[in-house]
Amino acid sequence: MSEVRALLAESAAELFRRHCPTEVVAKGWSAELWQVVERAELTEGATTAELAEVLRVASQYAAPIPLGEDALARGFLARSGIEAPAGPLTVGDFYDRRAEGVPFARIATGIVAVGLEGVALLRPGSYRVSEGVNLAGEPRDAVEADPFEVVPLGAVLRRWGALLRAVQIAGALERVLQLTVRQADDRRQFGQPLRRFQAIAHQLAELAAETAAARAAADAAAEDPQLWKIAAAKVRCGEAAGRAATIAHQVHGAIGFTDEHVLHRFTLRLWSWRDEFGTEEEWASVLGGLLKEKLWETLT
Amino acid sequence: MPVLEPVSPLRFIVEELPEAAVALRAEVRAFLAEELAASAFIPRCDAWLSGWDPTFSRRLGERGWLGMTWPKRYGGRERSALERYVVVEELLAAGAPVAAHWIADRQTGPLLLRYGTEEQRMRFLPGMARGEIQFAIGMSEPDSGSDLASVRTTAKKVEGGWSLDGTKVWTSGAHLADAMITLVRSEPLGDDRHLGLSQVIVDLHGQGVEIRPIRLLTGEHHFNEVVLRDCFVPDGMVVGALGDGWKQVTSELAYERSGPERFLSTFPLLAALSAATGSAAVGRLAAELWTLRRLSLAVAAALQRGEEPAVEAALVKDLGTRFEREVTERSRAIHGGEPSHPLFEHYRRSLLEGPGFTLRGGTNEVLRSVVARSLR
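Residues numbered from 1 in each chain as written. Chains lettered and ligands numbered in written order. Predicted model: local features only at pLDDT ≥ 70, side-chain atom pairs only at ≥ 80, totals over all residues.

**What about the overall build of chain B?**
Counting its regular elements, chain B contains 12 helices and 8 strands. Judged by the C-alpha coordinates and their principal axes, chain B covers about 70 × 65 × 40 Å. Look at the contacts in chain B between residues 6 or more apart in sequence, and 75% of them connect residues 24 or more apart. (Helix = DSSP H or I, 4+ residues; strand = E, 2+ residues; numbered from the N terminus. Contact = placed C-beta atoms within 7 Å.)

Below you can see the structure in the form of structure tokens.
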């Protein structure tokens, strides 16, 4: 990891620590947090890898803003030569004039519609939103737009969305690991901290391994976002998300699945994000088909 | 308001492979293609432990691919650890017979460079780099497996050297190797059992050494029991400082645990599976392999920087060896355990050698405890 990225991660962590306490997370959307993040210009002129650094850290805090979607939207607009308005923008996979599960559509200042023929920027007033949410309560809205013209562009939202969610999963896992290790230190049963029990210690080790694997995969895909690497990252991060959430809840015990405990802010996101923009099975199928006889040559 | 504190994750920092690695990889592939064309070896799973072929090792030595990172005055080539990584992973992926030089090249050579005397280095390293001197490792004993500090083989001071008594087990290749780097108790057991251990080099062709085969469930002979009875080791064959054996042995572990052999033992099977199907199941395995390689490369880079990534290495080995066995299991969807299937031989070897993957070099249970202890 370059010096720049390390510094960026550090600044982002400081910002979210101060401005994204759990109370803000619970709101589901925070215009104040969005403004703070915009003013900080963390992602100004950032490379994909640098952007991923900020997005990963944002996910360690479950930041309730469409930071990644806004970045994707701007990327598509830049490639189409369309001028980008102020954010937060979001993105949607449009078939004809409809899109499902558009993140944060209800509060967005514009939606970048990515479809088979090309890309368009939709402004509020030109579309109607039916509110919906994912498992974690994050806004995932259905959008029906008025007829619109597209700029022809071969763009695949699913691919970049998969990279975004992989990176976010890696960040959320880092938080889940920290929360779970703390729980195992603080909680005492039979006269000793949970982590003294070998059965628990081994669960923690497995959680750490899943976290490290997801981070490695997400970083690698963000550094060189070829299709097969994004596929591999979404597969590995999705697998880690499921395994880690199971372990974290088991170690936390009953308190971990109450509304008051912060753990579910992360595990529910993990469970949502692993499905969004393609499940492990879907991407594994893409990856398997891409590699075939070229497995070793491609990996190296 | 509850604030979330910054996380401090495990650090795996990958460095890009050096430019020279690209050309080097092409050279190794060309060499392997020639060897295969000449039927010089048959690709096998787990060939790094069972594929003992000194002539193959010598051919690697001629090309400068053994002891690659060592100083030239000891027969090395002064290349980087990441260049060595490239050569090693290509050999493993091809299922090439690298067992004869494996221990010397990976472990004993670097140990001698770090702790050995000038005389020991001159005596062993150039021969290792030519693929002519082979080593075995004498650590485990009948009553000391994971609990290595409990070894009971003793070294008693005698005129001009030491007299060894005790038994080592699971000693891979001892019946074929020239010498064995051996962990012994050189001082009586005191309060701190990690003190008073030493490493010495035992001449396996010498007096007082009896080597008995321990056959695996395949019937194959890689393991041995090595019985030492009043076995003389000259003073000059003590490696490092007397009594520092524990420190020295544990410093080898990051080298022993993080290399590509900890996730490529079943690669020939996976490559065949991938070519045969390209299914989602293969996609999942490929994603895991890609991830493991990144983690392993990060440990190699940390070692090159002079760090001691023992925890990271333990984590990689735990994940990697479980992956190796997962490949074996997943392959059944293709061959169904049918002995006439072309993939069956790779499957058979992977399955029957499999129990060793998650035992050798530290059991996965020990590794997980190492990782868990480090977590904050």
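Okay, back to it.
**Brief notes about the overall build of chain A**
Broken down by element type, chain A carries 11 helices and 9 strands. The C-alpha atoms of chain A give 20 Å as radius of gyration, which agrees with the globular expectation for 300 residues (19 Å, within 12%). For chain A, the C-alpha atoms occupy an extent of roughly 70 × 50 × 35 Å along the three principal directions. In chain A, which comprises 300 residues, the proportion classed as buried is 54%. (Rg over C-alpha atoms; globule rule 2.2 N^0.38 Å. Buried ≥ 20, exposed ≤ 12 C-beta atoms within 10 Å, placed from the backbone.)

**Focus on the environment of R325(B)**
By secondary structure assignment, the location of R325(B) is in helix 10 (residues 310–335). A residue is classified by how many C-beta atoms lie within 10 Å of it, and R325(B), with 17 of them, is partly exposed.

**A closer look at the interface of chain B and chain A**
Each side of the interface is counted separately: chain B has 40 residues, and chain A has 45 residues. Elements represented by at least two residues in the side of chain B that touches chain A include exactly helix 8 (267–277), helix 9 (280–304), helix 10 and helix 12 (364–374) of chain B. The class makeup of the residues in the side of chain B that touches chain A is 25 nonpolar, 6 polar and 9 charged. (Nonpolar A, V, L, I, M, F, W, Y, C, P; charged D, E, K, R; others polar.)

**What to know about the sheet that holds strand 2 (residues 98–103) of chain A**
Residue and element names in this part refer to chain A. Read from one edge to the other, the open sheet built from 3 strands follows the order 2-6-5, with strand pairing classed as antiparallel. The sheet is open, and its two edges are formed by strand 2 and strand 5 (127–130), each paired on a single side. In this sheet, adjacent strand axes meet at a mean angle of 30° when their direction is disregarded. Bridge count for strand 5 against strand 6 (residues 140–145) is 4 bridges, and the pairing is antiparallel. (Pairing = 2+ DSSP bridges. Axes fitted to C-alpha atoms, helices over the stretch in contact; angles between N-to-C directions.)

**Quick look at the confidence of the model for chain B**
In this model, chain B carries a mean pLDDT of 95, and residues with pLDDT of at least 70 account for 99%. Across the assembled chains, the prediction reports ipTM 0.96 with pTM 0.96. (pLDDT = per-residue confidence, 0-100.)

**Details of helix 3 (residues 54–62) of chain B**
Residues and elements named next belong to chain B. Listing the buried residues of helix 3 in full gives F56, S57, L60 and G61. The buried residues of helix 3 occupy an angular sector of 145° when the element is viewed end-on, so they sit on one face. More than 90 degrees from the buried face of helix 3, the exposed residues found are T55 and E62. (Arc of directions from axis to C-beta.)

**A look at helix 8 of chain B**
Judged by how many residues are buried, helix 8 of chain B sits mostly within the fold: 8 of 11 residues are covered. Buried residues belonging to helix 8 of chain B abut helix 10 (280–291) and helix 11 (295–299) of chain A together with helix 4 (81–93), helix 9, helix 10 and helix 11 (344–357) of chain B. Backbone geometry just after helix 8 of chain B places G278(B) at a positive phi near 60°.

**Quick notes on unusual backbone geometry**
Apart from glycine, the bulk of residues carry a negative phi angle, and the bulk of peptide bonds sit in the trans form. For the bond running from G87(A) to P88(A), omega is 0°, close enough to zero to count as cis. Note on placement: P88(A) falls in the loop between helix 5 (67–80) and strand 1 (89–93). If you check the backbone angles, A62(A) has positive phi at about 50° while not being a glycine. Along the polypeptide, A62(A) turns up in the loop between helix 4 (48–60) and helix 5. The phi angle at S39(B) is positive, at roughly 50°, despite the residue not being glycine. Among the structural elements, S39(B) can be located in the loop between helix 1 (19–37) and helix 2 (47–50). A tally of 7 C-beta atoms within 10 Å means that S39(B) is categorised as exposed.

**Quick look at the sheet that holds strand 3 (residues 110–114) of chain A**
Residues and elements named next belong to chain A. In spatial order, the strands read 1-3-4-7; together these 4 strands make up an open sheet with mixed pairing. The open sheet has two free edges, formed respectively by strand 1 and strand 7 (151–152), since each of these has just one partner strand. In terms of strand pairing, strand 3 meets strand 4 (residues 118–122) through 4 bridges, oriented antiparallel. Pairing of V114 across the sheet is with V119, part of strand 4. Packed onto the sheet, helix 5 meets strand 1, strand 3, strand 4 and strand 7 and runs at close to 75° relative to strand 1.

**With respect to the pairing of strand 1 (residues 135–138) of chain B**
All names here are of chain B. Side chains F135 and I137 of strand 1 all project onto a buried face; the interleaved residues A136 and G138 project onto the opposite face, where all are buried too. Sheet analysis places strand 1 next to strand 4 (residues 179–185), joined by 4 bridges and oriented parallel. Each bridged residue has a counterpart across the sheet, and for F135 the counterpart in strand 4 is A179.

**With respect to the pairing of strand 6 (residues 209–215) of chain B**
For a regular strand, side-chain orientation follows a simple rule: the groups alternate between the two sheet faces. Residues and elements named next belong to chain B. Summarising the sheet, strand 6 and strand 7 (residues 221–234) pair through 7 bridges and their orientation is antiparallel. Within strand 7, the position partnered with I211 by the bridge is V226. Two successive antiparallel strands, strand 6 and strand 7, enclose a turn made up of 5 residues, where G219 displays a positive phi of approximately 90°.

**Overview of the packing of helix 7 (residues 198–223) of chain A against helix 12 of chain B**
For the pair helix 7 of chain A and helix 12 of chain B, interaxial distance at closest approach is 8 Å and the crossing angle is 80°. Considering the angle they form, helix 7 of chain A stands roughly perpendicular to helix 12 of chain B. Across the interface between the two elements, Q198(A), A201(A), H202(A), L204(A), A205(A) and A208(A) of helix 7 of chain A pack against R368(B), S369(B), V371(B) and A372(B) of helix 12 of chain B. Partitioned by chemical class, the residues of the contact of helix 7 of chain A with helix 12 of chain B number 6 nonpolar, 3 polar and 1 charged. (Parallel < 35°, antiparallel > 145°, perpendicular 65-115°, else oblique.)

**Examining the environment of R140(A)**
Residue and element names in this part refer to chain A. Tracing the backbone through its elements, the reader meets R140 in strand 6. Given 19 C-beta atoms within a 10 Å radius, R140 is considered partly exposed. What R140 contacts, discounting residues up to four positions off in sequence, is G101, V102, P103, G132, V133 and N134.

**Thoughts on the environment of F263(B)**
All names here are of chain B. Along the chain, F263 falls in the loop between helix 7 (245–258) and helix 8. The sequence separation of F263 and R322 amounts to 59 residues, and the corresponding C-alpha distance is 8.2 Å. Apart from the residues lying within four places of it in its own chain, the contact partners of F263 are L289, L292, S296, G320, F323 and E324.

**A closer look at the packing of helix 8 of chain B against helix 11 of chain B**
All names here are of chain B. Packing of helix 8 against helix 11 leaves a shortest axis separation of 9 Å and a crossing angle of 145°. Our pair here, helix 8 against helix 11, has a crossing hand that is left-handed. Contacts between helix 8 and helix 11 pair P268, L269 and A272 from the former with H346, Y347 and S350 from the latter. Class assignment of the residues belonging to the contact of helix 8 with helix 11 gives a composition of 4 nonpolar, 2 polar and no charged. (Left-handed = near helix turned anticlockwise from the far one by under 90°.)

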